[in-house]
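Now for the letters of each chain:
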Amino acid sequence: MLTSITESIFCCLMGKSSAVLPVETSDGKPADGFEFVEVKPGRVLRVRHILPERPATTEERPERDGTVHCKRKITVYRNGQLVIENLGDVLHSEILQCQNGDVEQSSTVEVELSDYTTAPSSPDPKPTSPLPTSDHQKPAPPPRRRRRRPKRTVLIDTERRISSCKGTHTDVALFFIHGVGGSLDIWGSQLDFFSRLGYEVIAPDLAGHGASTAPQIGAAYTFYALAEDLRAIFKRYARKRNILIGHSYGVSFCTFLAHEYPEQVHKVVMINGGGPTALEPSLCSIFQLPPCVLHCLSPCLAWSFLKAGFARQGAKEKQLLKEGNAFNVSPFVLRAMMSGQYWPEGDEVYHAELTVPILLVHGLFDKFVPIEEDQRMAEILLFAFLKVIEEGSHMVMMECPETVNTLLHEFFLWEPDTSKKDTVAMVTAGQTANDTAAMPVQTLSVANGNSTGTPKVNKPLNK
């Protein structure tokens, strides 16, 4: 504690904090798949890039008709009301549960976006008999309803091809993005698991985290500055089909990249990311204190993070926190990261415009992100699958790596089942004109693939 106080006083006097610098091997070459990418002059990020060795005769990806018509109308009224009308293919969001590698259909529908065009409206009240009127009394005219004018209307009309992504496909890349106070080391289990399956994986350290450089200027840690860093990483390593996996604050960057590159981002995984709201820094927060004060409180902050980020606080969790290099950033970087979370564009409409399939993973004991926020996110998104892990908390990918890896792998292999849609279309073609007004419903299924681990089947939580 005395050392911490001495270092904090030195920090106040010098106006600086400890910097995180890149580390290299003795011969100057990156080791164990680590690379150092200079996204801007003097701004270097550590990236773990694993390109597995594939046999010469790789499995060719079969061309299947997994095209889904994404058409929806988003209307925002002046009173803040948001109305989303799905006009294209209405998909039932079903994730199939796999145990021991067997694929079985799940009867539980966790998230379903209704088709507002065909959904029945509220029942009309029972008609009442008209009141008797006399010659001197005429019935009052019906009140004129004032038509609401929308403040903003967004129309989406596009087709998206969704296919299975296997490790043998050379055009698939997985990007893992951590959150505040983390590093690429928190993805250790996921990087090893999917690289062994043949996937190309990329995981960067955000600026000031892990072994990336830590500029001593607050503007280097705003949302837009970090988003541009990840844009450079994405453009450097992106393949034809890319899957983004984000945790906590990293989910916002995944949303940003999916919005900026809709043709290249194939699927997205959001782990404990929260609701679809615009980011604004909290003015009344402990992270607004001076860096020297935060340095003195660092042991308490680390203990608080361990208690809130893990469902259990045992020796195993402490070791995971140490191995994951989580919450091991300088007070200056931590304060600048929390103060720079300003992203007004990332509101509900911004998320509702996404047409990419998204898997939401939530740890039931998460004390940072309430489950209601992820449920709200599932309602706003077009293709959303919400999975709740009962044994996990905020750091669920470290607590329950086998369960998370299996869920992610199932989602990577998932593709729409268009055979039922074609069957419905053939049936409706021979019906009468009144029957043809019904819109065909398309269901989702998971492509056959081998998955390791036997996760516990989690029931959805009702509001």
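Residues numbered from 1 in each chain as written. Predicted model: local features only at pLDDT ≥ 70, side-chain atom pairs only at ≥ 80, totals over all residues. Heavy atoms only, no water.

*Asks:* Could you give an account of the overall build of the chain, with specific residues and numbers?
*Replies:* When its secondary structure is counted, the chain shows 13 helices and 17 strands. Taking all 463 residues of the chain together, 49% fall into the buried category. Nonlocal contacts in the chain, meaning residues at least 24 apart in sequence, comprise 79% of its contacts between residues at least 6 apart. Approximately 23,900 Å² of the chain is accessible, and the part contributed by carbon and sulfur atoms is 53%. (Helix = DSSP H or I, 4+ residues; strand = E, 2+ residues; numbered from the N terminus. Buried < 20%, exposed > 50% of the residue type's maximum accessible area, 1.4 Å probe, protein only. Contact = heavy atoms within 4.5 Å. Areas by Shrake-Rupley, 256 points an atom, 1.4 Å probe, with all protein chains shown as cover.)

*Asks:* Give me the packing of helix H3 (residues 223-237) against helix H4 (residues 250-260): which residues, what numbers.
*Replies:* Running from amino to carboxyl end, H3 crosses H4 at an angle of 60°, the nearest separation of the two axes being 10 Å. Overall, the two elements H3 and H4 adopt an arrangement that is oblique. Between H3 and H4 lies a crossing whose hand is right-handed. Residues Phe223, Leu226, Ala227, Glu228, Leu230, Arg231 and Phe234 of H3 form the contact with H4, whose participating residues are Ser252, Phe253, Phe256, Leu257 and Glu260. Taken together, the residues of the contact of H3 with H4 break down into eight nonpolar, one polar and three charged. (Axes fitted to C-alpha atoms, helices over the stretch in contact; angles between N-to-C directions. Parallel < 35°, antiparallel > 145°, perpendicular 65-115°, else oblique. Left-handed = near helix turned anticlockwise from the far one by under 90°. Nonpolar A, V, L, I, M, F, W, Y, C, P; charged D, E, K, R; others polar.)

*Asks:* How would you summarise the pattern of salt bridges if you had to cite specific residues and measurements?
*Replies:* In this structure the tally under the stated criterion is 11 salt bridges. Across the pair aspartate 192 and arginine 48 runs a salt bridge, and its minimum N-O distance is 3.6 Å. Of this pair, aspartate 192 sits in helix H2 (residues 188-196) while arginine 48 sits in strand S2 (residues 43-50), placing them 144 residues apart in sequence. The exposure class of aspartate 192 is partly exposed, given its relative accessible area of 32%. Note that aspartate 171 is salt-bridged to arginine 241, the shortest N-O span being 3.2 Å. Here arginine 241 lies in strand S12 (residues 241-247) and aspartate 171 lies in the loop between strand S9 (150-161) and strand S10 (172-177), a separation of 70 residues in the sequence. A single burial state applies to aspartate 171 and to arginine 241, both of which are buried. Salt bridges sharing common partners tie together Arg46, Asp185 and Asp205. (Salt bridge = Lys/Arg side-chain N within 4 Å of Asp/Glu carboxyl O.)

*Asks:* Can you explain the packing of aromatic side chains? Please cite residues and give values.
*Replies:* Summed over the entire model, instances satisfying the criterion amount to 19 aromatic pairs. Between tryptophan 343 and tyrosine 350, the ring centres sit 5.2 Å apart and the planes meet at 80°, which makes this aromatic pair edge-to-face. Tyrosine 350 matches tryptophan 343 in its accessibility class, with the two residues each being buried. In textbook terms, an aromatic cluster arises when at least three aromatic residues are bridged by ring pairs, as seen for Phe223, Tyr224, Tyr249, Phe253, Phe256, Trp343 and Tyr350. Over the aromatic face of phenylalanine 411 sits the side chain of lysine 267, whose NZ or CZ is 5.4 Å from the ring centroid. (Phe/Tyr/Trp six-rings, centres within 6.5 Å; stacked < 30°, edge-to-face > 60°. Lys NZ or Arg CZ within 6 Å of the ring centre and 35° of its normal.)

*Asks:* Help me get a handle on H4, residues and values and all.
*Replies:* For H4, the buried fraction is high: nine of the 11 residues fall into the buried class. Within H4, the full set of buried residues consists of Gly250, Val251, Ser252, Phe253, Cys254, Thr255, Phe256, Leu257 and Ala258. Of the surrounding elements, those touching the buried residues of H4 are S10, H3, S12, strand S13 (265-271) and helix H9 (348-352).

*Asks:* Pulling in residues and values, what's your account of the sheet that holds S9?
*Replies:* In spatial order, the strands read S4-S3-S9; together these three strands make up an open sheet with antiparallel pairing. In this open sheet, the two edge strands, each paired with only one partner strand, are strand S4 (82-86) and S9. Each adjacent strand pair in this sheet contributes to an overall mean axis angle of 15°, direction not counted. Across 11 bridges, the pairing between strand S3 (residues 67-77) and S9 is antiparallel. Across the sheet, tyrosine 77 pairs through a bridge with proline 150, a residue of S9. (Pairing = 2+ DSSP bridges.)

*Asks:* Kindly report on the packing of H2 against helix H12 (residues 401-413), identifying the contributing residues and their values.
*Replies:* Interaxial distance between H2 and H12 falls to 10 Å at its minimum, and their mutual angle equals 50°. By the angle between their directions, the pair H2 and H12 is classed as oblique. For the crossing formed where H2 meets H12, the hand is right-handed. Seen from H2, the contacting residues are Ser189, Gln190, Phe193 and Phe194; seen from H12, they are Pro401, Val404, Asn405, Leu408, His409 and Phe412. Here the contact of H2 with H12 is composed, by residue class, of six nonpolar, four polar and no charged.

*Asks:* Give me the confidence of the model for the chain: which residues, what numbers.
*Replies:* In the predicted model, the chain carries a mean pLDDT of 74, and 60% of its residues have values of at least 70. Contacts from residues 92-134, a stretch scored under 50 in pLDDT, to residues over four places away or in other chains number 71 contacts. Every residue in residues 423-463 is under pLDDT 50, and counting partners more than four places away or in other chains gives 77 contacts. (pLDDT = per-residue confidence, 0-100.)

*Asks:* Outline H12, supporting the account with residue identities and numerical values.
*Replies:* For H12, spanning 13 residues, the distance from its first C-alpha to its last is 18 Å, which sits close to the expected 18 Å at 1.5 Å a residue. In terms of residue burial, H12 counts as a mostly covered element, since 11 of its 13 residues are buried. All buried positions along H12 are accounted for by Thr403, Val404, Asn405, Thr406, Leu407, Leu408, His409, Glu410, Phe411, Phe412 and Leu413. (Expected span 1.5 Å × (residues − 1).)

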